[in-house]
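# Notes for the structure review
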Amino acid sequence: MRGKFITFEGIDGAGKSSHVEWLAEYLRRQGRVVQVTREPGGTPLGERLRELLLNETMHLETETLLMFAARREHLASRIEPALARGEWVICDRFSDATWAYQGGGRGLDKSKFLALEHWVHEHLQPDLTLLFDLPLEVARERIVLANRVLDKFEQERADFHERVRQAYLERAHAHPARMRVIQADNTLENIREKLEEIVSTLC
Ligand SMILES: Nc1ncnc2c1ncn2[C@@H]1O[C@H](COP(=O)(O)OP(=O)(O)O)[C@@H](O)[C@H]1O
Ligand SMILES: Cc1cn([C@H]2C[C@H](O)[C@@H](COP(=O)(O)OP(=O)(O)O)O2)c(=O)[nH]c1=O
């Protein structure tokens, strides 16, 4: 049987990475074979593109095309084969991030996003997308506390991140069967309980 494809989304500092490995372990304890991966990245070529995407300034369409180029490679060499083998794939960000960051944040024309999405993965969408949502100030505070080096996107102004957040919520509203909004301004424990409940509906 084909495996399940789960993606994590949300603004920077929402807490996605804190739950990705935890969810993988939770599913492994239930006997699933689980791969954890991320975008941009997930393949040797994708990781090289990630370096460029997170550090170099470039034209918005170049940025969008490189995100989808990395995704094409990721799907072909890693995600699709794993799902076909019956494995589950958990991916830290996928196309909803392009919708939110390049579309909402930077103002990419929606029709261009939709054309690329159709080209790159017309027949595949995640089985479940967990959208970590929280007020911008809480996410910012967490990033400051973690003392992490900020990449190109994290260095953007607050209004950029607010547009990203709103674009994610708009997308979740348009795809209620696939996307579940997690109230991420909550304790790790409460969030994990919620994730267990949601994921149990997939099994
Ligand atoms: N529910 C939470 N409550 C408090 N701090 C959290 C919570 N979730 C994550 N953090 C902390 O916030 C920071 C950012 O979390 P992270 O998982 O890296 O976010 P993301 O991957 O979404 O950017 C980390 O230092 C993490 O320990
Ligand atoms: C997948 C993807 C990510 N991004 C951005 C969002 C993030 O700021 C950045 C890298 O994501 P992420 O891996 O979440 O960074 P970190 O490990 O620092 O938490 O790339 C886009 O702008 N578009 C995309 O399509």
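The model shown is predicted, which means the values in this text are computed figures rather than measured ones.

Here the focus is the site of ligand 2. As a structural note, the neighbourhood of ligand 2 is formed by 16 residues, with Glu39, Ala97, Thr98, Tyr101 and Phe153 the closest of them. Class assignment for the residues of the shell around ligand 2 results in 6 nonpolar, 3 polar and 7 charged.

In this structure, Pro40 follows Glu39 across a cis peptide bond, with omega equal to -10°. On the secondary structure map, Pro40 appears in the loop between β2 (34-38) and α2 (44-55). Phi is positive for Arg93, which is not a glycine, with a value near 80°. Its identity is not glycine, yet Asn147 carries a phi of approximately 60°, on the positive side. For Asn147, the location among the structural elements is in the loop between α6 (136-146) and α7 (158-174).

This paragraph deals with the packing of helix α1 (residues 17-29) against helix α8 (residues 188-200). Direction vectors running N to C along α1 and α8 enclose 45°, while the axes themselves pass 11 Å from each other. It follows from the interaxial angle that α1 and α8 lie oblique. As for the relative orientation of α1 and α8, their crossing is right-handed in sense. From α1, Ser18, His19, Trp22, Leu23 and Tyr26 reach across to α8, where they touch Leu188, Ile191, Arg192, Leu195, Glu196 and Val199. Classifying every residue of the contact of α1 with α8 by side-chain character gives 7 nonpolar, 2 polar and 2 charged.

Time to look at the pairing of strand β1 (residues 5-10). Buried residues dominate β1, accounting for 6 of its 6 residues. Residues Phe5, Thr7 and Glu9 line one face of β1 and the alternating positions Ile6, Phe8 and Gly10 line the opposite face, and both faces are buried. Sheet analysis places β1 next to strand β3 (residues 88-92), joined by 4 bridges and oriented parallel. Looking at β3, one finds that Phe5 is bridged to Val89. Pairing geometry for β1 and strand β4 (residues 128-133), over 5 bridges, is parallel. The residue of β4 that forms the bridge with Glu9 is Leu131.

All right, on to the site of ligand 1 then. Around ligand 1 lies a shell of 14 residues, among which Gly15, Ser17, Ser18, Arg142 and Ala146 are the nearest. Those elements giving two or more residues to the shell around ligand 1 turn out to be α1, α6 and α8. Classifying every residue of the shell around ligand 1 by side-chain character gives 4 nonpolar, 7 polar and 3 charged.

Let's shift gears to the sheet that holds β4. Strand order in the open sheet formed by 5 strands is β2-β3-β1-β4-β5, and the pairing between neighbours is parallel. Because the sheet does not close on itself, it has two edges, and the strands there are β2 and β5 (179-183). When the angles between neighbouring strand axes are averaged without regard to direction, this sheet yields 20°.

Another point: helix α4 (residues 95-105). A large share of α4 lies buried, amounting to 11 of its 11 residues. Tucked into the core, α4 has its buried residues touching β1, α3 (60-84), α5 (110-121), β4 and α7. Count one or two residues on from α4 and you reach Gly107, which has phi positive near 85°.

Moving on to the packing of α4 against α7. Contact geometry for α4 and α7: axes closest at 8 Å, N-to-C directions at 135°. Taken together, the axis directions place α4 and α7 in an arrangement best described as oblique. The two elements α4 and α7 cross, and the hand of that crossing is right-handed. Mapping the contact onto sequence places Asp96, Trp99, Ala100, Tyr101, Gly103, Gly104 and Gly105 in α4 and Phe160, Arg163, Val164, Gln166, Ala167, Tyr168 and Arg171 in α7.

Rules and cut-offs
Starting from 1, residues in each chain are numbered consecutively following that chain's sequence as written. Each chain is given a letter, starting from A, and each ligand a number, starting from 1, according to the order in which they appear as written. In view of the model being predicted, local features appear only for residues whose pLDDT reaches at least 70, and side-chain atom pairs are presented and counted only at 80 or more, with totals across whole chains, interfaces and linings using the full set of residues. The criterion for a residue being near a molecule or strand is simple: its C-beta atom, placed using the backbone, must lie within 6 Å of it. Basically, the charged four are Asp, Glu, Lys and Arg, the nonpolar ten are Ala, Val, Leu, Ile, Met, Phe, Trp, Tyr, Cys and Pro, and anything else, Gly included, counts as polar. Numbering of helices and strands runs from the N terminus, with a helix taken as a DSSP run of H or I at least four residues long and a strand as a DSSP run of E at least two residues long. Axis geometry follows a simple rule: fit a line to the C-alpha atoms, using only the stretch in contact for helices, then measure angles between N-to-C directions, giving values from 0 to 180 degrees. An angle below 35 degrees is read as roughly parallel, one above 145 as roughly antiparallel, one from 65 to 115 as roughly perpendicular, and any other as oblique. Should the near helix be turned anticlockwise from the far one by less than a right angle, the crossing is left-handed, and should it be turned clockwise, the crossing is right-handed. Distance between backbone-placed C-beta atoms decides contact: two residues are in contact if it is within 7 Å. Residue burial here comes from a neighbour count, namely the number of other C-beta atoms, placed from the backbone, that lie within 10 Å of the residue's own C-beta, with 20 or more meaning buried, 12 or fewer meaning exposed, and in between meaning partly exposed. Whether two strands pair comes down to DSSP finding at least two bridges between them.

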